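Each chain is listed here by its residues.
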Amino acid sequence: MQWLADMWVKEGAGIAKDAPQPTGMALFFDILKREWWEVVKLNLLFIIASLFVVTIPAALVAMARVSRSFAADENVYLLRDFLAALKTHALRATALFAVCFTATGGALYATISYASAARSQLIYSLPLAVSIVVTLYLAIVTAYAFVFLGSRNSSVSGSLKQAALAALARPLPMITALAFVATLWLAHILFYPVSVFMPATINFSLGMFALCFAARGAGVSQNEAKEPLSRQ
C-alpha cells in the first residue's frame, strides 16, 4: 500500500535548475502542467473537507494555502499542508467568511434592488452604478483576503486590511482570475452533462490556484512566504 501513501505525501514535481523562468500566463500554464495531478487531488481533498458544510470556509483557506505554494513554485506536501492549514485557520476562516459573505451579499442585494428600480426610474441609475462598483470591489477584497489568510498566520482583520489595499493597488489581476473562475463554471453549465465531472476534478482547486497566482506580487510572493504551517 506504499503507492497509495506516496500519492498523498510525496513531494511534487521539481524544476530543472537550468530551465528559463517563464512569466505571466506562460508561467501559469507551466506550473499547472507540472502540478495538474496535485491540483486534481487538492480538489478531492476540498470536497471531502467540505462535506460537513460548516467546514467549507476552513477548506477554502486550506486550499488557498496549498495553491499559494503551487503559485510560488514551492515544494508541496499536499495532505500534510492541507490538514495543517485546515486545523490552524478553522475559526479565522469561518469569521472571515461571515464578514465577506455579509458585506458582499449586502452589496449584491443592493445592486439587484437598484437594477429593478432603474427599469422604471432612471434616477436610480447612479446608485446602481455605484453599487455595481462596490460589489465588484468587495468580491476582489474577498478573493485576496482568503488567499492572504491561507498564505500566512495572520488575523482576520490583518488579512482584510491587506486585501483592501491590494484590491485598490492591483485589481486587474484578480478581476482576470475571477473571470477565469466564472468561465470554469460557465463551461460546466454549457457543456453539461459532458462536463459533469468538472467540479469533482478541477473546478474548485483550479479556480483557487488562479486566484493565488493573481495575488503574486500583492503580498503573497516567494520572498514573503513563510515556512509551511506544520513547521511553525
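Residues numbered from 1 in each chain as written. Predicted model: local features only at pLDDT ≥ 70, side-chain atom pairs only at ≥ 80, totals over all residues. Heavy atoms only, no water.

Caption draft 1: Spotlight on the overall build of the chain. Assigned secondary structure in the chain consists of nine helices and zero strands. Sequence-ordered secondary structure for the chain, helices as α and strands as β, is α-α-α-α-α-α-α-α-α. Here the chain holds 232 residues, and 41% of them are scored as buried. Considering only residue pairs separated by 6 or more positions, the chain has 73% of its internal contacts joining residues 24 or more positions apart. (Helix = DSSP H or I, 4+ residues; strand = E, 2+ residues; numbered from the N terminus. Buried < 20%, exposed > 50% of the residue type's maximum accessible area, 1.4 Å probe, protein only. Contact = heavy atoms within 4.5 Å.)

Caption draft 2: Local environment of the environment of Ala-129. Mapped onto the secondary structure, Ala-129 falls in helix 6 (residues 125-151). In this structure the C-alpha to C-alpha distance between Ala-129 and Ala-115, which are 14 residues apart in sequence, comes to 9.1 Å.

Caption draft 3: Region of interest: the pattern of salt bridges. For the structure on display, the rule yields five salt bridges. A salt bridge links Lys-41 to Glu-38, with the nearest nitrogen and oxygen atoms 3.0 Å apart. Here Lys-41 pairs with Glu-38, and both are found in helix 2 (residues 24-49), just three residues apart, close to one helical turn. There is no split in this pair, since Lys-41 and Glu-38 are both buried. Here Arg-68 and Glu-74 are joined by a salt bridge, their closest N and O atoms 2.9 Å apart. Via salt bridges that share partners, Asp-30, Arg-34 and Asp-73 belong to a single interconnected network. (Salt bridge = Lys/Arg side-chain N within 4 Å of Asp/Glu carboxyl O.)

Caption draft 4: Broad picture of helix 5 (residues 90-118). Across its 29 residues, helix 5 extends 41 Å between first and last C-alpha, which sits within 8% of the 42 Å expected from 1.5 Å per residue. Within the span of helix 5, buried status applies to Ala-93, Leu-96, Cys-100, Thr-104, Ala-107, Thr-111 and Ala-118. Each element contacted by the buried residues of helix 5 is listed here: helix 3 (56-71), helix 6 and helix 7 (156-169). (Expected span 1.5 Å × (residues − 1).)

Caption draft 5: Summary view of the confidence of the model for the chain. Across the chain, the average pLDDT comes to 85, with 84% of residues at or above 70. Low pLDDT, under 50, characterises residues 220-232; the predicted model gives this stretch 30 contacts beyond four residues in sequence or across chains. (pLDDT = per-residue confidence, 0-100.)

Caption draft 6: Structural context of unusual backbone geometry. In the segment running from Tyr-192 into Pro-193, the intervening peptide bond is cis, with an omega of 10 degrees. Relative to the assigned elements, Pro-193 resides in the loop between helix 8 (171-190) and helix 9 (198-214). For Val-53, which is not a glycine, the phi torsion comes out positive at approximately 70 degrees. The topology assignment puts Val-53 in the loop between helix 2 and helix 3. A positive phi angle, near 60 degrees, is found at Asp-73, a position not held by glycine. Mapped onto the elements of the fold, Asp-73 is located in the loop between helix 3 and helix 4 (78-88).

Caption draft 7: Examining the nonpolar core more closely. In this structure, Phe-70, Phe-82, Tyr-144, Met-174, Phe-209 and Leu-211 are the most contacted members of the largest nonpolar core, which totals 55 residues. Of all the secondary structure elements, the ones that give two or more residues to this core are helix 2, helix 3, helix 4, helix 5, helix 6, helix 7, helix 8 and helix 9. With ten residues, the top contributor of residues to this core is helix 3. Setting aside its immediate chain neighbours within four residues, Leu-211 contacts Ala-143, Val-147, Met-174, Ala-177, Leu-178 and Val-181. (Core = buried A, V, L, I, M, F, W, Y, C linked by side-chain atoms within 4.5 Å.)

Caption draft 8: Region of interest: a nonpolar patch on the surface. A cluster of nonpolar side chains, Leu-44, Ile-48, Leu-51, Phe-52 and Val-54, forms an exposed patch at the surface whose accessible area comes to about 560 Å². Note on placement: Val-54 falls in the loop between helix 2 and helix 3. Judged by its relative accessible area of 65%, Val-54 falls in the exposed class. (Patch = residues over 30% accessible without salt bridge, like charges linked within 9 Å, V, L, I, M, F, W, Y side chains within 5 Å. Areas by Shrake-Rupley, 256 points an atom, 1.4 Å probe, with all protein chains shown as cover.)

Caption draft 9: Molecular detail of the packing of aromatic side chains. What the rule picks out here adds up to eleven aromatic pairs. With a centroid separation of 5.0 Å and an interplanar angle of 45 degrees, the aromatic rings of Phe-46 and Phe-204 are classed as tilted. In this pair, Phe-46 sits in helix 2 while Phe-204 sits in helix 9, placing the two residues 158 residues apart along the sequence. Considering the side-chain rings of Tyr-114 and Tyr-124, the 6.2 Å spacing of their centres and the 35 degrees angle between planes classify their relative orientation as tilted. In this pair, Tyr-114 is assigned in helix 5 and Tyr-124 in the loop between helix 5 and helix 6, connecting sequence segments ten residues apart. (Phe/Tyr/Trp six-rings, centres within 6.5 Å; stacked < 30°, edge-to-face > 60°.)

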